Amino acid sequence: MQNQKLPCVLINSFEEPYCVNEDHVADLKKRLNFVTMQEFLENKTHFGPKIQAIYIWGGKPVIDKELLQSLPTLKIIVNSGAGLDHLDLNLIASFGVKLANTPHAVTNSTADMGMALLLASARRILEGNEVATSPDTKSFSINWMGQEVTGSTLGIIGMGKIGYKIAQRAKAFEMKILYHNRNRRKVEEEQAVGAHYCEKLDELLQQSDFVMLVLSLTPQTHKLIGKRELGLMKPTAILINIGRGQLVDQDALVEALQTGIIKAAGLDVTYPEPLPRSHPLLKLKNVILTPHIGSATHQSRRLMMENMVESLLAALSGLSIPNEVNLK
Ligand SMILES: O=C(O)[C@H](O)CO
């Protein structure tokens, strides 16, 4: 295929896909003709009518009306990751542009991350590391006590693909599993992991030793966990958030962690990201923070990119699009 016939794809910059490895990026460059946002902005009249696809990595480029208006031949936007809260779906639909994401590629890595934060918070791994590596060996203690995970109760809020994978992992830890979700799972699926459906969120919050947030951010789930909900949790409970920062009222969370309303939190997501360095969450010993790395494994990131390319090529060939998001 001649270079000029390769689909022209707008990408934010070449830095982001390099997180996989250079060979993979070189391979992608053979298959697609990438145009960076900077190249596009410098020569809009040249690239505008050529770009057929946009490749969103880490929420960028930002898709707004002005950008869509300047791309008359745009057919598809492919988004890395499962979450779509950074996109205006109605706007995209109004331009007749298709959208695809990568919900399957991130499932295992994000579920692993949830368990990693759960275990690290329960056993106070970061504080333990500080104690073990401190120049002052007087603080070394084999009585660095944490919470037992085995046999405890996990409340999963959001039982989609990732939530279910977490339940499978938690089963291996002999945890009692409660879940709250818009729709109840099939009885066979519940039985396979031993999960109990809580129609009422309050019931899950009151009974869980660990509460894990695995749901998408929508107007309905925005600040789902606020002061009242935190107050319902056990004082020994640990909150894990691998969904989106805005699922939690962060000021209420800070207060709950400072005053012992709940024991600890493990947060892969916050708002904003990154948090300002003066933010109170950064000063709390009972908080573990990671930089939104749920999907950050070599395997998941490679699969995400592969899935994006598959959806993109299918759309441009007029075929049925894998992982197409229903915009209706
Ligand atoms: O939406 C997702 O899947 C993640 O947050 C992006 O890596």
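Being a predicted model, the structure only gives us computed values, none of them experimental.

Colleague: Mind showing me how you'd approach the site of the ligand here?
Modeller: The full set of residues close to the ligand is G81, A82, G83, V106, R244, H292 and S295. S295 places a side-chain nitrogen or oxygen 3.0 Å from an oxygen atom of the ligand. About the coverage of the ligand: the protein hides 80% of its 240 Å² of free accessible area. Of the residues belonging to the shell around the ligand, the class tally is two nonpolar, four polar and one charged.

Colleague: Could you clarify how one ought to interpret the side chain of N241 in this entry?
Modeller: Structurally, N241 is set in strand β10 (residues 238-241). With a relative accessible area of 1%, N241 lands in the buried category. Among the polar contacts listed, one links the side chain of N241 to the backbone nitrogen of G243, at a separation of 2.9 Å. Only 3.0 Å separates the side chain of N241 from the backbone oxygen of R244, close enough to count as a polar contact. Setting aside residues no more than four positions away along its own chain, N241 makes contact with L213, L247, V248, G266, L267, D268 and V269.

Colleague: I'm lost on the UniProt feature "domain: D-isomer specific 2-hydroxyacid dehydrogenase catalytic" (unreviewed entry) in the protein chain in this one. Help?
Modeller: As annotated by UniProt and renumbered to match this structure, "domain: D-isomer specific 2-hydroxyacid dehydrogenase catalytic" (unreviewed entry) occupies residues 24-326. The span residues 24-326 shows a helical share of 38% and a strand share of 15%, and its end C-alpha atoms are spaced 29 Å apart.

What counts, and where the lines are drawn
- Residues numbered from 1 in each chain as written.
- Predicted model: local features only at pLDDT ≥ 70, side-chain atom pairs only at ≥ 80, totals over all residues.
- Heavy atoms only, no water.
- Near = heavy atom within 4 Å.
- Polar contact = N/O pair within 3.5 Å; in protein donor to acceptor, adjacent residues only side chain to side chain.
- Areas by Shrake-Rupley, 256 points an atom, 1.4 Å probe, with all protein chains shown as cover.
- Nonpolar A, V, L, I, M, F, W, Y, C, P; charged D, E, K, R; others polar.
- Helix = DSSP H or I, 4+ residues; strand = E, 2+ residues; numbered from the N terminus.
- Buried < 20%, exposed > 50% of the residue type's maximum accessible area, 1.4 Å probe, protein only.
- Contact = heavy atoms within 4.5 Å.
- UniProt positions renumbered as here; feature names shortened; annotations may be inferred.

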